[in-house]
Amino acid sequence: MRSNDVLGLVFADTMSDKIPELSASRTVASIPIGGKYRLIDFVLSNMSNSGINNVGIIAKSNFLSLTDHVGSGSAYDLSKRRSNLTLLTPYDGKNFSNEIETVYNMHGYIDHCREEYVLLSPGNVVSNFDYNALFDFHSKHDADVTFVYRRGVVPKEYVRPLTVETDADGKVTQVRITPEIGDQEVNQVYGSMLIKKSVLMEEVRNALSLNQLDAKRHIQSVLDKYKVYAFENTGYTAVISSINSYFEFNMDLMKKEVRDSLFNPKRPIYTKVRDDAPSRYGLDSRVKNSIIAQGCVIDGEVENCVISKGVYVGKGAKLSNCIIMQDTKIGNDTKLNYVIIDKDVTVKDERSLMGFDSYPIYIAKKSVV
């Protein structure tokens, strides 16, 4: 299998109903993370680094921010003569209410693409993953379908998790939906799947004819019909499925081992470039264990925080365990702890806000506090 024989399809709105705060004005895939990135950057970079040069992004609503960020795909090396990035949005009243109808309504685009295989990926997963290893595994076993899974405890907020059991060769022997597992480690399929295009479209049409619109149930029903395998992603993986998991991931970025896993120089993570001056730190500023993007002015104290581009932190302000998105202004003598602040927010002088690690406070985009 050649990587340029694989069409990438990314679902930009995965788990959007579970993150209403962050997805109210944008797709899940365009949620800012890590100070300078968006969630979509990781999956697009993984595909580009693995040699996939034709990618479609399926977005059902609020896709202006996504369109602005990915543009023509040039940041991901997907805008050359033999590469392409396409944003697939609803048209002519077509329904995007579930995965099966969504893929069927994209059949014109999918059938037109020359690639023989399709890699389906969610837009809410953060990982630096070499898809070439997946392609080699798929080819070696002559598989019809290969799931990507991670070994671990399913997040409590995750709705209807899909888990698999495999034999020694990786062949799937059992598929379970919402199993009773508690804190037990399982093989969770978080959305990525490599499949022959002919098999995908055949089963989508079969599911529609049977009115079986639950993709996970349909997977269970056809398990014995095809050669289905599962491939483990052993690197660091974060699945953003709630405001808490979003907060926990950004705090994880303070750990060197997590940054080393995600930002591998051999497989770089690309993003839209914004030209800003270097950040400026005042004489009385104090920064500890934090990620600060470019274009910031820090005159206060910052600890265990992720600060995006163009943020201003006033004199006497004290920020701890916070995520501050771009172009936000924090006033003088303000105290913030366990707070997530969206873009273009103004927090006036001498304000005090405090959440907790299990319940961070969220301030919506363009708010004035």
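Note that the structure is a prediction, hence the values are computed from the model and not measured.

(A) Quick peek at the overall build of the protein. Within the protein, the secondary structure is distributed over 10 helices and 28 strands. Whereas a compact globule of 369 residues would reach a radius of gyration of roughly 21 Å, the protein reaches 21 Å, a difference of no more than 12%. For the C-alpha atoms alone, the extent of the protein along its principal axes is close to 65 × 50 × 40 Å. Put simply, of all contacts in the protein between residues at least 6 apart along the chain, 59% involve residues at least 24 apart. One finds the centroid of the 45 positive side-chain charges in the protein at a distance of 4 Å from the centroid of its 46 negative side-chain charges.

(B) Structural detail: the nonpolar core. Counting residues in each nonpolar core, the largest one holds 36 residues, and the members touching the most others are Ile40, Leu44 and Ile57. Going through the elements one at a time, β1 (6–11), α2 (39–49), β4 (54–58), α3 (64–70), β6 (117–122), α6 (131–140), β11 (186–196) and β12 (228–232) are the ones with two or more residues in this core. Dropping the residues within four chain positions of it, Ile40 is found in contact with Val10, Ala29, Ile57, Leu66, His69, Val70 and Tyr76. Judged by nonpolar contacts, the second largest core, of 34 residues, contains Leu88, Leu120, Val189 and Tyr226.

(C) Up close: the pattern of salt bridges. Across all of its chains, the model carries 15 salt bridges by this definition. Glu202 serves as the salt-bridge partner of Lys225, at 3.8 Å between the closest nitrogen and oxygen. Of this pair, Lys225 sits in the loop between α8 (215–221) and β12 while Glu202 sits in helix α7 (residues 197–209); the two residues are 23 residues apart in sequence, bridging distant segments of the chain. Classification of Lys225 as partly exposed rests on a relative accessible area of 49%. When its relative accessible area of 37% is taken as the criterion, Glu202 is described as partly exposed. Ionic pairing is found between Lys256 and Asp260, a salt bridge with its closest N-O pair at 2.7 Å. Highlighted residues: Lys256 and Asp260, both in helix α10 (residues 256–262), separated by 4 residues, approximately one helical turn. The class of Asp260 is partly exposed, set by a relative accessible area of 44%. In the salt-bridge network here, residues are joined through shared partners; they are Glu202, Glu203 and Lys225.

(D) Region of interest: empty space enclosed by the protein. In this structure the tally under the stated criterion is 1 cavity of 30 Å³ or more. In this model, the largest cavity occupies a volume close to 100 Å³. Forming the boundary of the largest cavity are Val43, Asn46, Ser121, Pro122, Val125, Ser127, Phe129, Tyr131, Val148, Tyr190, Ser192 and Asn233. Of all the secondary-structure elements, those providing two or more residues to the lining of the largest cavity are α2, β6, β7 (125–127) and β11. Each residue belonging to the lining of the largest cavity can be placed in one class, and the counts come to 7 nonpolar, 5 polar and no charged.

(E) Spatial organisation of α7. Its 13 residues place the ends of α7 18 Å apart at the C-alpha level, agreeing with the 18 Å of an ideal helix rising 1.5 Å per residue. Within α7 the residues assigned to the buried category are Lys197, Val199, Leu200, Met201, Glu203, Val204 and Ala207. At its buried positions, α7 is contacted by α4 (99–105), α5 (107–112), β6, β11 and α8. Of the residues trailing α7, Asn211 is marked for its positive phi of about 55°.

(F) Structural detail: unusual backbone geometry. Although it is not a glycine, Asp77 adopts a positive phi angle of roughly 60°. With respect to the helices, strands and loops of the structure, Asp77 is situated in the loop between α3 and β5 (84–88). Look at Asp77 and you get partly exposed, because its relative accessible area is 39%. Positive phi outside glycine occurs at Asn321, with the angle close to 55°.

(G) A look at the layout of surface pockets. Here the largest pocket is characterised by a volume of approximately 1,300 Å³. The wall of the largest pocket is formed by 47 residues, among which Phe11, Asn98, Glu99, Ala215 and Lys216 lie closest to the centre. At the level of elements, α4, β6, β8 (145–152), β11, α7 and α8 are the ones that each hand at least two residues to the lining of the largest pocket. Class assignment for the residues of the lining of the largest pocket results in 30 nonpolar, 8 polar and 9 charged.

(H) Structural view of the packing of aromatic side chains. According to the stated counting rule, one finds 11 aromatic pairs in the structure shown. Ring centres of Phe137 and Tyr229 lie 6.0 Å apart, and the angle between their planes is 80°; on these two criteria the pair is classed as edge-to-face. Pair noted here: Phe137 is in helix α6 and Tyr229 is in strand β12, with a separation of 92 residues, a long-range link. Taken together, Phe129, Tyr131, Phe135, Phe137, Tyr229 and Phe231 form an aromatic cluster joined through their ring pairs.

Thresholds applied
- Residues numbered from 1 in each chain as written.
- Predicted model: local features only at pLDDT ≥ 70, side-chain atom pairs only at ≥ 80, totals over all residues.
- Heavy atoms only, no water.
- Helix = DSSP H or I, 4+ residues; strand = E, 2+ residues; numbered from the N terminus.
- Rg over C-alpha atoms; globule rule 2.2 N^0.38 Å.
- Contact = heavy atoms within 4.5 Å.
- Lys, Arg positive; Asp, Glu negative; His and termini not counted.
- Charge placed at Lys NZ, Arg CZ, Asp CG, Glu CD.
- Core = buried A, V, L, I, M, F, W, Y, C linked by side-chain atoms within 4.5 Å.
- Buried < 20%, exposed > 50% of the residue type's maximum accessible area, 1.4 Å probe, protein only.
- Salt bridge = Lys/Arg side-chain N within 4 Å of Asp/Glu carboxyl O.
- 1 Å grid on protein atoms, 1.4 Å probe; cavity = no way out; pocket = protein on both sides within 12 Å on 5 of 7 lines; lining within 4 Å.
- Points joined across faces, edges and corners; volume = space filled by probe spheres on them.
- Nonpolar A, V, L, I, M, F, W, Y, C, P; charged D, E, K, R; others polar.
- Expected span 1.5 Å × (residues − 1).
- Phe/Tyr/Trp six-rings, centres within 6.5 Å; stacked < 30°, edge-to-face > 60°.

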